[in-house]
Amino acid sequence: MSIPLPPTGIHPEEFVFMNDAQLRARDQEIVRCVLQAAAKMCHDISATRYGEYKGRKPNPNGLRAYDPYLDGMADGASECEDAIRALEFTHHE
C-alpha cells in the first residue's frame, strides 16, 4: 500500500530554508496522512470481515457465514481504527 503525502510545493534543496514552524507543520501533515491511511485500512478490514460474518460477501477462507470468529475480527479491526484515530502527535521539544 502506498500512502499519498501532501505535495511540498518546494524543491528538496529549499527545505533548508524552511523555519521550525514550517517544518513542524509539514511533519504534522505527514503524520496525519499516515494515521488516516492506517485507520482507513482498519475500517476496510472491519467492513470486509463484517460482510463475511453476515454472509454478504464471499468468504475466501471457506468459513461458514455467521461465524463468530469473523464477527470478532470485525470488532477487533474496528477497535484498532478507533485507537488509531484517537492518537495524538506532537514534536519532542
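Remember, it's a predicted structure, so these values are computed and weren't measured experimentally.

J.: I'd like a description of the state of the cysteines, backed by residues and values.
T.: Overall, the coordinates contain zero disulfides when judged by the stated rule. Left unpaired, Cys42 is separated from the closest cysteine sulfur, that of Cys80, by 4.9 Å. The class of Cys42 is buried, set by a relative accessible area of 13%. Look at Cys80 and you get partly exposed, because its relative accessible area is 41%.

J.: So what's going on with the packing of helix α1 (residues 20-53) against helix α2 (residues 68-86)? Residues and values would help.
T.: Where α1 meets α2, the axes come as close as 8 Å, and the angle between the chain directions of the two elements is 160°. Of the possible angle classes, the one that applies to α1 and α2 is roughly antiparallel. Note that α1 runs across α2; the crossing there is left-handed. Here Leu35, Ala38, Ala39, Lys40, Cys42, His43, Ile45, Ser46, Arg49, Tyr50, Glu52 and Tyr53 of α1 come into contact with α2, specifically with Pro68, Leu70, Asp71, Met73, Ala74, Ala77, Ser78, Cys80, Glu81, Ile84 and Arg85. Taken together, the residues that form the contact of α1 with α2 break down as 14 nonpolar, three polar and six charged.

J.: Residue-level account of the side chain of Glu81, with values.
T.: Secondary-structure assignment places Glu81 in helix α2. If sequence neighbours within four positions are ignored, Glu81 has contacts with Ala39, Cys42 and His43.

J.: Got a sec to walk through the pattern of salt bridges? Specific residues and values, please.
T.: Under the definition given, this model contains three salt bridges. The partner of Glu81 in a salt bridge is Arg85, with the nearest N and O atoms 3.2 Å apart. Of this pair, Glu81 and Arg85 both sit in helix α2, four residues apart, which is roughly one turn of that helix. Assessed through its relative accessible area of 11%, Glu81 is described here as buried.

Here is what the cut-offs are and how they apply
- Residues numbered from 1 in each chain as written.
- Predicted model: local features only at pLDDT ≥ 70, side-chain atom pairs only at ≥ 80, totals over all residues.
- Heavy atoms only, no water.
- Disulfide = S-S within 2.5 Å.
- Buried < 20%, exposed > 50% of the residue type's maximum accessible area, 1.4 Å probe, protein only.
- Axes fitted to C-alpha atoms, helices over the stretch in contact; angles between N-to-C directions.
- Helix = DSSP H or I, 4+ residues; strand = E, 2+ residues; numbered from the N terminus.
- Parallel < 35°, antiparallel > 145°, perpendicular 65-115°, else oblique.
- Left-handed = near helix turned anticlockwise from the far one by under 90°.
- Contact = heavy atoms within 4.5 Å.
- Nonpolar A, V, L, I, M, F, W, Y, C, P; charged D, E, K, R; others polar.
- Salt bridge = Lys/Arg side-chain N within 4 Å of Asp/Glu carboxyl O.

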